[in-house]
Protein chains: 2
Amino acid sequence: MPAAAFKSVRALALFHDMADANFDRLTKAAYLQRFPAHVQLIEEGGAADFLHVVVEGCVELFASHNGRDTTMALVHPVSTFILAATLKDRPYLMSARTTMPGQILMIPSADIRTMLEIDPGFARAMVVELASCYRNVVKELKNQKLRTSVERVANYLIRQQKRHPGMEFALPVEKRALASLLGMTPENLSRAFGALRSHGVEVDGPMVRLTDIEALSAMARPNPLIDDFSS
Amino acid sequence: MPAAAFKSVRALALFHDMADANFDRLTKAAYLQRFPAHVQLIEEGGAADFLHVVVEGCVELFASHNGRDTTMALVHPVSTFILAATLKDRPYLMSARTTMPGQILMIPSADIRTMLEIDPGFARAMVVELASCYRNVVKELKNQKLRTSVERVANYLIRQQKRHPGMEFALPVEKRALASLLGMTPENLSRAFGALRSHGVEVDGPMVRLTDIEALSAMARPNPLIDDFSS
DNA sequence: GATATCGCTTGACGCAGATCAAGGCGCTTG
DNA sequence: CAAGCGCCTTGATCTGCGTCAAGCGATATC
């Protein structure tokens with residue numbers, strides 16, 4: 001594995017407290033692979049043979065049922081996904097596909113489970129990581145059940161703005177995927193952007209500028225117990 | 001703590017691998033309390049001072065935002081709730097109230113976190129427990145995003161039926177709470193029951209009889225990746 | 001035993017958001 | 001450069017579900 005990738009994975013909270021020897025052992029058994037855009041990495045219902053780490057690019061987690069399907073989350077570098085299935089040795093609950101070219105590190109699940117037994121630091125880090133994942137899904141569920149679609153869009157934009165230093169930022173994925181993540185159709189996302197124009201939202205292709213955060217916040221009513229993905 | 005309660009808590013997977021001395025220490029610092037029905041135990045946003053265990057009765061987890069509120073989960077004996085907030089030492093994301101008289105064991109969060117450091121068996125069990133919680137919320141999110149309200153009701157009934165040996169069973173909570181859990185209004189839950197009559201669903205007060213599981217399943221389309229809460 | 005209260009049901013209505021259809025724009029491809 | 005395709009937008013229409021309002025039955029209260 002290239003030194004840069006090695007270093008960035010090592011820096012993850014999940015692997016930070018791990019003994020050096022154990023981390024080396026884990027990465028020796030792992031594969032770092034490049035993928036083009038729009039490649040399906042895992043399929044819902046399949047066996048959880050690998051823990052995946054997005055090193056570069058972006059991965060969309062989605063789920064299907066009865067012909068419908070919905071985006072569950074977007075995973076950005078550097079973070080892991082489908083940790084829980086790996087640990088429980090249970091089928092994946094979500095499928096995953098790349099949204100752009102990137103690099104994925106795949107670590108055999110069996111090695112992760114072994115490491116859990118022998119490295120207490122890793123076990124503790126895992127507890128914290130899983131607790132965070134759990135809380136993030138709970139927030140997403142609250143977001144879905146307690147807000148209208150326009151409110152979800154508005155709060156999404158505010159959250160994105162906070163991650164970016166400048167005045168404007170680019171949507172990280174296609175609008176159709178964003179719409180699905182927010183639990184709405186692409187048509188209604190367009191209309192929502194239109195409705196938010198009067199609250200200082202300017203959308204031009206993938207670029208977004210929020211010219212009046214005050215006004216936008218007043219209608220969006222952000223709530224740390226839903227929107228703060230770091231707590 | 002009475003022997004019966006002690007034993008049932010000890011039997012939880014979460015505490016099963018823990019050293020005896022550590023479990024004793026944990027329970028010594030804990031409070032077992034009786035509560036009447038409809039008492040709020042914790043408030044969303046509050047500090048996570050205790051890990052709670054439902055020993056008897058039933059607890060409703062719910063969340064509020066902007067005047068709306070929604071039931072997030074129903075917790076039956078014997079299981080823990082708000083594990084993640086306890087571990088991360090972060091504010092609760094959900095409020096909790098009893099739906100009937102019962103007993104709750106409250107273990108100081110600080111003790112749980114200490115135990116995580118010193119008892120590797122506990123840390124491992126915690127990983128598995130959190131992974132299960134995470135997967136259950138993911139399933140709930142899929143349930144919400146991929147199904148109509150009538151489908152959610154139908155699948156809920158099928159799930160309940162599986163837990164009960166006999167021909168009929170009682171709804172575990174008031175219909176209004178059930179409606180909220182299923183992401184709909186009480187009015188629409190009534191109408192959904194009406195619509196399901198033609199699929200062999202007979203509802204009389206809190207009692208439910210499914211006279212034609214085949215027909216019900218045909219319309220509900222249960223899916224283990226959404227409905228199987230044990231995997 | 002009359003009355004009030006609460007949980008549930010039923011009907012009428014309105015709205016948010018899905019669906020259907022058409023058209024525009026920027027990209028790729030020959 | 002033209003043709004074709006994918007993504008997005010806009011408008012028209014449909015519908016699932018929420019809201020509002022009234023009524024019903026069981027339990028509680030005096």
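Rules used throughout
- Residues numbered from 1 in each chain as written.
- Chains lettered and ligands numbered in written order.
- Predicted model: local features only at pLDDT ≥ 70, side-chain atom pairs only at ≥ 80, totals over all residues.
- Heavy atoms only, no water.
- Pairing = 2+ DSSP bridges.
- Helix = DSSP H or I, 4+ residues; strand = E, 2+ residues; numbered from the N terminus.
- Axes fitted to C-alpha atoms, helices over the stretch in contact; angles between N-to-C directions.
- Contact = heavy atoms within 4.5 Å.
- Near = heavy atom within 4 Å.
- Polar contact = N/O pair within 3.5 Å; in protein donor to acceptor, adjacent residues only side chain to side chain.
- Nonpolar A, V, L, I, M, F, W, Y, C, P; charged D, E, K, R; others polar.
- Parallel < 35°, antiparallel > 145°, perpendicular 65-115°, else oblique.
- Left-handed = near helix turned anticlockwise from the far one by under 90°.

Residue and element names in this part refer to chain A. Ordered by their spatial adjacency, 4 strands build an open sheet running 1-8-3-6, and the pairing between neighbours is antiparallel. With one partner strand each, in any of the chains shown, strand 1 (31–35) and strand 6 (79–81) form the two edges of the open sheet. Adjacent strand axes in the sheet meet at a mean angle of 30°, parallel and antiparallel pairs treated alike. Helix 1 (residues 3–10) rests against strand 1, strand 3 (50–56) and strand 8 (102–108) of the sheet, and its axis sits at about 115° to strand 3.

Moving on, we get to the protein's contact with DNA strand D. Near DNA strand D lie 14 residues; those nearest to it are A:K175, A:R176, A:S190, B:N188 and B:R191. For DNA strand D, the fraction of atoms within 4 Å of the protein that belong to sugar or phosphate moieties is 67%. Side-chain polar atom of B:E187 to a base nitrogen of DNA strand D: 3.3 Å apart, as the coordinates give it. Contact between DNA strand D and B:N188: a phosphate oxygen at 2.5 Å from a side-chain N or O atom of the residue. At the level of secondary structure, the elements contributing two or more residues to the surface near DNA strand D comprise helix 8 (175–181) and helix 9 (186–196) of chain A together with helix 9 (186–196) of chain B. Residue composition of the surface near DNA strand D, grouped by class: 1 nonpolar, 6 polar and 7 charged.

Lining the immediate surroundings of DNA strand C are 14 residues, of which A:S149, A:N188, A:R191, B:K175 and B:S190 lie closest. A:T185 is positioned with one of its side-chain polar atoms (N or O) 3.3 Å from a phosphate oxygen of DNA strand C. At a separation of 3.1 Å, a base nitrogen of DNA strand C approaches a polar side-chain atom of B:R191. Of all the elements in the fold, those that place two or more residues in the surface near DNA strand C are helix 9 of chain A together with helix 8 (175–181) and helix 9 of chain B. Looking at the surface near DNA strand C, its residues break down into 1 nonpolar, 6 polar and 7 charged.

Further remarks concern the packing of helix 5 (residues 109–118) of chain A against helix 6 (residues 120–146) of chain A. Residue and element names in this part refer to chain A. At their nearest, the axes of helix 5 and helix 6 sit 6 Å apart, and the two run at 110° to each other. Between helix 5 and helix 6, the angle falls in the class roughly perpendicular. Note that helix 5 runs across helix 6; the crossing there is left-handed. Where helix 5 approaches helix 6, its residues I112, M115, L116 and I118 are matched on the opposing element by P120, F122, A123 and M126. Of the residues contributing to the contact of helix 5 with helix 6, the split by class is 8 nonpolar, no polar and no charged.

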